[in-house]
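# Descriptive structure summary
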Amino acid sequence: MMIFEPKLSLKKQLSCTQRSYSHFATYCRKSMLVLAAISCCFAIFGFDDMARAADSIVTVKREVYVPNTVPKIAPWVYAFPGKDGYREEIHTTWSHEDQVRGYGDSPQNPRQRISLDNGKTWSPLKAQPSWMTYKEKVTILDWKFCGMYDPASDRLVSLSIHHVRDMRQGPPRMIYNHALVRTSTDGGQTFGNTQTLKYEEGDDLDPENELNPKYLENNTGYPGQSILRLRNGNLVIPVINAKIPADVPDEASPPARWPSKGTIGSLCYSGGWDKITEQYIWKAGKPVWLPRSIAFNGLLEPDVGELSDGRILIVWRITKTRDSDARKWFSVSDDGGMTFGEPQIFGYSDGTKFFSTSTFHRLFSSRKTGKLYWIGNIAPEAPTNPGHPRYPLIIAEVDEKTLALKKETVTSIDTRQPGEGERLQLSNFWVIENSETFDLEIYLTRLNEVPDETFTANAYKYTLSFIE
């Protein structure tokens, strides 16, 4: 088996302790009872990698947060911040069988727990209504992507994707995405007052008629995994899969049916709290896009961060075409997210570029350092597969002058170890800032850590402490 050897100057490698654990886990992987026992031990004692190069920007502590106890069913943790030590977690499970049944990503068994003391103690896990609804040849997800506290409304704000996979016309599936905002006044016990984010005429979501064409076919938008609160108090939510002007040439590539013709755009919503109506008033910005000759299915999975001068940086992933390179793309807005410049390749501040497959990523503003960081996957060489490799996972500082990463700050958070699956996934993670230490916490399930068993995987917690 070919072992991954980083060919770029990543600033931190994992310690010998990690390598020992990887060898041992590989040796034991065919015995799930042994693997579960190992997982429990590491969950108790933790897994601390404090070795670092002199120029690393963080130290990294990795620990098993939720061990895998059932073969081929992976635990998954979503973490959301709140006010004064409030934290919400939703625990789910993922499996191949559920993916097949649901025609795609299908998180199961959502259970919520809440902490009021920054994670020191937790309420018992409480079963939540299923995120999945199964109809004849149709699967519907109402999937919570993120949550935050807004002092303007004194409410918790939740962002969800309403995601419809429609097989009624036969494969390939048709997909309809919409962004939903809900609020809570009871500390996250319940969320209501559903708002469908809209940039054109069209019906709102009706839970009794979710397949209404006037809803499905209008205001399509796949939200990012964050709500950005600007220093002026406005909330910004980025989406993709938005409609572009009708006179712009675009045609879906056969046999794909998503995104449909003319829905490859990305835009941001800006929202402010209205005390009179007790709801948010949302305004949609103008879309930007890339042609499918560069981005096979348009701009994907956006995230936004506020620069020190008040401008908004947005970064997207794309799925590369056969003739294009695997890159991340970016743009910037100087009017609160209402308009953005033409997308550009996201690179290094010295003018060079890096490779990055079509994988999840995040922007993070640290209260401890006052700096903006990007977290994602950087590939050591030009990938041929649009979606792999998904390692190493790195963090780097954003240079606000060049709107690029400072190469000298690139620091490895985790990477593939000997004996782990070639398709290890260090992607699709959730982040939260510790309200006491201002450390960055990342929650990630390492899919394919056991070769050929994608969902026989643990959920991990990474604690990143910034070096001052």
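Throughout what follows, the structure given in this document is the object of discussion. (Residues numbered from 1 in each chain as written. Predicted model: local features only at pLDDT ≥ 70, side-chain atom pairs only at ≥ 80, totals over all residues. Heavy atoms only, no water.)

The subject of this paragraph is the side chain of Thr 139. Along the chain, Thr 139 falls in strand S8 (residues 138–150). Its relative accessible area of 1% is what places Thr 139 among the buried residues. Thr 139 has contacts with Arg 101, Gly 102, Tyr 103, Met 132, Thr 133, Tyr 134, His 163, Val 164 and Arg 165, leaving out every residue within four places of it along the chain. (Helix = DSSP H or I, 4+ residues; strand = E, 2+ residues; numbered from the N terminus. Buried < 20%, exposed > 50% of the residue type's maximum accessible area, 1.4 Å probe, protein only. Contact = heavy atoms within 4.5 Å.)

On to the nonpolar core, then. Counting 36 residues, the largest nonpolar core has Tyr 78 and Trp 143 as the members making the most contacts within it. Here this core takes four residues from strand S3 (residues 73–81), the largest share from any one element. In this structure Tyr 78 touches Glu 88, Glu 89, Ile 90, Thr 92, Trp 94, Pro 107, Trp 131, Trp 143, Lys 144 and Trp 430, once residues within four positions along its chain are discounted. Counting residues in hydrophobic clusters, the runner-up holds 23 residues, among them Val 58, Val 60, Val 64 and Leu 426. (Core = buried A, V, L, I, M, F, W, Y, C linked by side-chain atoms within 4.5 Å.)

Of all eight residues making up strand S28 (residues 459–466), seven are buried, and the element is well covered by its neighbours. Where strand S2 (residues 58–66) and S28 come together, eight bridges link them in antiparallel fashion. Looking across to S28, one finds that Arg 62 is bridged to Tyr 462. The pairing of strand S27 (residues 440–445) with S28 spans six bridges and is antiparallel. Note on S28: the bridge partner recorded for Leu 440 is Leu 464. (Pairing = 2+ DSSP bridges.)

Following the criterion strictly, the structure yields 19 aromatic pairs and no others. The interplanar angle of 75° and the centroid separation of 4.6 Å between the aromatic rings of Tyr 78 and Trp 430 together place this pair among those described as edge-to-face. On the criterion of sequence distance, the pair formed by Tyr 78 in strand S3 and Trp 430 in strand S26 (residues 430–433) is long-range, its members being 352 residues apart. The class for Trp 430 is buried, based on a relative accessible area of 5%. (Phe/Tyr/Trp six-rings, centres within 6.5 Å; stacked < 30°, edge-to-face > 60°.)

Our next topic: the pattern of salt bridges. On inspection of all chains with the given rule, the structure shows 26 salt bridges. Between Arg 113 and Glu 89 there is a salt bridge, with the nearest N and O atoms lying 2.9 Å from each other. Here the residue Arg 113 occupies a position in strand S5 (residues 108–115), and Glu 89 occupies one in strand S4 (residues 87–95), the gap between them amounting to 24 residues. Of the charged contacts in the structure, one is a salt bridge between Asp 166 and Arg 168, with a shortest N-O distance of 2.8 Å. Overall, Arg 168 belongs to the partly exposed group, its relative accessible area being 41%. (Salt bridge = Lys/Arg side-chain N within 4 Å of Asp/Glu carboxyl O.)

Taken in spatial order, the five strands make up an open sheet running S7-S8-S9-S10-S11, and their pairing is antiparallel. The open sheet has two edge strands with one neighbour each: strand S7 (132–135) and strand S11 (192–196). Averaged over all pairs of adjacent strands, the angle between their axes in this sheet comes to 25°, without regard to strand direction. Bridge count between S8 and strand S9 (residues 155–166): 12 bridges; the pairing is antiparallel. Residue pairing across strands places Val 138 opposite Asp 166, the latter belonging to S9. (Axes fitted to C-alpha atoms, helices over the stretch in contact; angles between N-to-C directions.)

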